[in-house]
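Summary of the model geometry
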Amino acid sequence: MNEQEYDGTPVAALRRIAFLLERGRADSYKVKAYRGAAAAILPLDPDDVAARAAAGTLTDLPGVGASTARVIAQAATGRVPDKLAEVEEQYGGSLTTEGAGTGLRALLRGDLHSHSDWSDGGSPIEEMAMTAIELGHDYLVLTDHSPRLKVARGLSAERLTRQLAVVEAVNEHLAGAGFRLLKGIEVDILDDGALDQSEEMLARLDVRVASVHSKLAMDPEPLTRRMVAAVRNPFTNVLGHCTGRLVTGSRGTRPESRFDARAVFEACAEEGVAVEINSRPERRDPPTRLLELARDIGCVFSIDSDAHAPGQLDYPLLGCERAEAAGIDADRIVNTWPVERLLEWAAP
């Protein structure tokens, strides 16, 4: 049993366990138990929680099971919970070796690609925002999916309109925290290169990530035309995970899409569209040779988490490691910029 002293709250212990499990890409059902228990005890008086822990009645609360009750009870008595110590040891270390990427990571002001439970993410908007603040972000762009990606519960114009109101409410609640949640979208690039959302809605957003999610095996010539058309759309700010490849993970592997990378990156450079360095371990997109090509062509970049859970907001360190290895200057990475400069760049 762990006898280390703990000066945090039971809610903080549960959230930290969930964060670390997500960071280590644990199954989502394991994570939900800890976030659910945190939500269950958050409204309660701390003395009530401590009394329930002493009486052994925590599991009477909806959302609190035996494992999470043990975490709560140990934290309430001032001991580091055994589960917290276990996941800290397993997942709490550096994501990179020998501190690679940490210098550039310290310069990042925010993250331009993240998802909430409004589409295929696993957590509420406010949980994503709070975790971004805890990680030191000045801003986070919420980029849930667009309508055509039904498998990811893409947002219709009506749902996106409702989400924008929620973003405004979150910002109002967080006023004074030195943080802004920015309005965004990961918009599908349609077969003809058009973007999967109305211009009226795109104009209401701060940042727009355009990505190919369908027909990834399209022949190179039409795929190149499709991507170039999307890049030249005045609303496009970031070209997301450009090859669509998967190199590891529970979804298996997937080869790169084939397209004329030089033509696509030249269009990005001409239009000021950032090439995303997608930091998800299963993507590592673009591959190194294409990252270096985009560097040599003169593109700007965005190092993004593509987080679908709060713990994954820590992934940009992996992208920073790759950017540093490629010798990309920090000022060419748009999310090292202050929010005012970022928004000026992103405006259509």
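Reference entry: report on the structure contained in this document. (Residues numbered from 1 in each chain as written. Predicted model: local features only at pLDDT ≥ 70, side-chain atom pairs only at ≥ 80, totals over all residues. Heavy atoms only, no water.)

**Points about the pattern of salt bridges**
Applying the stated criterion across every chain yields a total of 23 salt bridges. With a shortest N-O distance of 3.3 Å, Glu86 and Lys83 are connected by a salt bridge. Of this pair, Glu86 and Lys83 are both found in helix 5 (residues 82-91), three residues apart, which corresponds to roughly one turn of the helix. With relative accessibility at 41%, the residue Glu86 sits in the partly exposed group. A salt bridge links Glu271 to Arg232; the shortest N-O distance between them is 2.7 Å. Taken together, the residues Glu271 in helix 11 (residues 261-271) and Arg232 in the loop between helix 10 (220-231) and strand 5 (238-239) connect sequence positions 39 residues apart. Put simply, Arg15, Glu22, Arg35, Glu127 and Glu134 are held in one network by salt bridges that share partners. (Salt bridge = Lys/Arg side-chain N within 4 Å of Asp/Glu carboxyl O. Helix = DSSP H or I, 4+ residues; strand = E, 2+ residues; numbered from the N terminus. Buried < 20%, exposed > 50% of the residue type's maximum accessible area, 1.4 Å probe, protein only.)

**Re helix 1 (residues 10-23)**
With 14 residues, helix 1 ought to run about 20 Å at 1.5 Å a step, and its terminal C-alpha atoms sit 20 Å apart, in line with that. Within helix 1, eleven of the 14 residues are buried, leaving the element largely enclosed by the surrounding structure. Those residues of helix 1 that sit buried are Pro10, Val11, Ala13, Leu14, Ile17, Ala18, Phe19, Leu20, Leu21, Glu22 and Arg23. On the buried face of helix 1, the contacting elements are helix 2 (28-41), helix 3 (46-55), helix 4 (66-76), helix 5 and helix 7 (125-134). Phi for Arg25, located one or two positions after helix 1, is positive at around 60°. (Expected span 1.5 Å × (residues − 1). Contact = heavy atoms within 4.5 Å.)

**Some points on the environment of Asp60**
With respect to the secondary-structure elements, Asp60 resides in the loop between helix 3 and helix 4. Between the C-alpha atom of Asp60 and that of Asp82, which follows or precedes it by 22 residues, the distance is 22 Å.

**Some thoughts on the sheet that holds strand 1 (residues 110-111)**
If you trace the seven strands from one edge of the open sheet to the other, you get 1-2-3-4-5-6-7, paired in parallel fashion. Each edge of the sheet is formed by a strand with only one pairing partner; in this case those strands are strand 1 and strand 7 (301-304). Pairing analysis gives two bridges linking strand 1 to strand 2 (residues 139-142), with the strands arranged parallel. Each bridged residue has a counterpart across the sheet, and for Gly110 the counterpart in strand 2 is Tyr139. (Pairing = 2+ DSSP bridges.)

**Digging into the packing of helix 11 against helix 12 (residues 288-297)**
Running from N to C, helix 11 and helix 12 point in directions that differ by 45°, and their axes come no closer than 9 Å. With respect to each other, helix 11 and helix 12 are oriented oblique. Considering how the two elements wind past one another, helix 11 and helix 12 form a crossing that is right-handed. Here Ala261, Arg262, Phe265, Glu266 and Ala269 of helix 11 come into contact with helix 12, specifically with Leu290, Leu293, Ala294 and Ile297. (Axes fitted to C-alpha atoms, helices over the stretch in contact; angles between N-to-C directions. Parallel < 35°, antiparallel > 145°, perpendicular 65-115°, else oblique. Left-handed = near helix turned anticlockwise from the far one by under 90°.)

**A few points about unusual backbone geometry**
Along the chain, Asp285 connects to Pro286 via a cis peptide bond; the corresponding omega equals 5°. As for its position among the elements, Pro286 is in the loop between strand 6 (274-278) and helix 12. Within the chain, Lys215 stands out as a residue other than glycine whose phi angle is a positive 50°. Considering the arrangement of structural elements, one finds Lys215 in the loop between strand 4 (207-211) and helix 10. Backbone geometry places Arg284, a non-glycine residue, at a positive phi of 45°. Along the polypeptide, Arg284 turns up in the loop between strand 6 and helix 12. For Arg284, a relative accessible area of 36% puts it in the partly exposed group.

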